[in-house]
Amino acid sequence: MITLYDLAPSGNCHKVRLLLSLLGVHYHSCPVNLVDSEHKSVQFLHMNPFGQVPVLVDGDVILRDSQAILVYLAKQYGDHGWLATNDPKAMAQVMAWLSTAANEVARGPNDLRLHYKFGRQLDLVAAEQITQRLYSIVEQQLQDSDWLVGDHITIADIAVYPYIALSPESKISLAPYPALIKWVGRIQALPGYVGMPGMYCIAEK
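Everything numeric in this text was worked out from a predicted model, so none of it was measured.

Just to check I follow, could you spell out the nonpolar core for this structure?
Side chains of nonpolar character tend, in soluble globular proteins, to be buried together. Among the nonpolar cores identified, the biggest contains 57 residues, and Leu-73, Trp-82, Leu-148, Ile-155, Tyr-161, Leu-180 and Trp-183 are the most heavily contacted of them. Where this core is concerned, the elements lending two or more residues are strand 1 (2-6), helix 1 (11-23), helix 3 (66-77), helix 4 (88-118), helix 5 (124-144), helix 6 (155-165) and helix 7 (178-188). Counting residues per element, this core draws most heavily on helix 6, at nine residues. With residues near it in sequence (within four places) discarded, Ile-155 still touches Leu-19, Leu-70, Val-71, Ala-74, Trp-82, Leu-83, Val-94 and Leu-98. In this structure, Tyr-5, Phe-44, Met-47 and Val-57 belong to the second largest nonpolar core, which totals eight residues.

Shown next as structure tokens:
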């Protein structure tokens with residue numbers, strides 16, 4: 001069985017949990033105790049030298065980085081649509097959004113959440129500017145399409161979704177972004193969807 005080294009409040013861990021659930025893949029969640037520096041233990045650093053969650057273990061396969069894990073799960077357990085492997089252009093677009101998740105999403109809404117929820121000191125002005133530009137770009141993309149790439153959901157949507165859905169904890173209003181709100185609702189309506197505390201919930205609006 002797959003083991004996911006997990007952290008409940010982490011959006012990066014959530015995206016892996018979400019894809020596993022959407023794919024109907026059973027797994028064992030192994031919470032990592034950051035307070036006791038379990039992520040810096042010799043055992044954990046053997047799996048991920050960077051000392052970060054999530055880490056996924058599937059037999060003799062050990063993977064770090066949430067974006068890389070999404071690629072693996074999509075290819076190993078999903079159909080070609082999740083990674084758009086039958087269309088080189090679409091697949092490249094998926095990869096571009098995975099890069100966005102690791103960069104603009106991480107330095108924008110994720111950083112704002114780290115500040116407002118966990119008290120981390122950072123450059124708030126820069127994080128707010130990155131977030132505003134990111135949300136405007138995503139909004140524009142979703143005005144013309146239900147999904148970030150093509151006409152169906154891909155791991156691009158899964159990679160970008162969590163920290164945008166966690167906007168309430170980042171002190172970001174989604175009201176100026178109606179297409180983005182509808183996209184959040186489409187993801188939350190998927191069979192097998194799992195959320196996490198703090199997320200913008202369409203069903204409650």
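How should I be thinking about the packing of helix 6 against helix 7 in this particular structure?
With their axes 11 Å apart at the nearest point, helix 6 and helix 7 run at an angle of 110° to one another. Between helix 6 and helix 7, the interaxial angle falls into the category roughly perpendicular. Two packed elements cross with a definite hand, and for helix 6 against helix 7 that hand is left-handed. Here Asp-157, Val-160, Tyr-161 and Ile-164 of helix 6 come into contact with helix 7, specifically with Leu-180, Trp-183, Val-184, Ile-187 and Gln-188. Tallied by class, residues from the contact of helix 6 with helix 7 come to seven nonpolar, one polar and one charged.

Sorry if this is basic, but what is going on with unusual backbone geometry here?
The omega torsion across Val-53 and Pro-54 is 5°, close enough to zero to call that bond cis. Considering the arrangement of structural elements, one finds Pro-54 in the loop between helix 2 (42-47) and strand 3 (55-58). Positive phi, normally seen in glycine, also occurs at Asp-65, with a value near 80°. Considering the arrangement of structural elements, one finds Asp-65 in the loop between strand 4 (61-64) and helix 3.

Quick notes on the rules
Residue positions are given per chain, counted from 1 along the sequence in the order it is written. The model is predicted, so local features are restricted to residues of pLDDT at least 70 and side-chain atom pairs to those at 80 or more, both for listing and for counting; the totals for chains, interfaces and linings are taken over all residues. Only hydrogens and water are removed before side-chain values are computed, so all heavy atoms of the structure are retained for them. Joining through side-chain atoms within 4.5 Å is the link that ties buried Ala, Val, Leu, Ile, Met, Phe, Trp, Tyr and Cys residues into a set, and such a set is a nonpolar core. Summary of the burial criterion: residues with accessible area below 20% of their type's maximum are buried, those above 50% are exposed, and those between are partly exposed, where the area comes from a 1.4 Å probe applied to protein chains only. Note on conventions: DSSP H or I runs of at least 4 residues are helices, E runs of at least 2 residues are strands, and numbering of each starts at the N terminus. Throughout, a residue-residue contact means that at least one pair of heavy atoms, one from each residue, lies within 4.5 Å. Axes, fitted as lines to C-alpha atoms, cover a helix only where it is in contact. Angles between the N-to-C directions of the axes lie from 0 to 180 degrees. The cut-offs work like this: below 35 degrees is roughly parallel, past 145 is roughly antiparallel, 65 to 115 is roughly perpendicular, and the gaps in between are oblique. In this scheme the handedness of a crossing depends on how the near helix is turned from the far one: anticlockwise by less than a right angle means left-handed, clockwise means right-handed. Gly counts as polar in this scheme, as do all residues outside two lists: the nonpolar Ala, Val, Leu, Ile, Met, Phe, Trp, Tyr, Cys and Pro, and the charged Asp, Glu, Lys and Arg.

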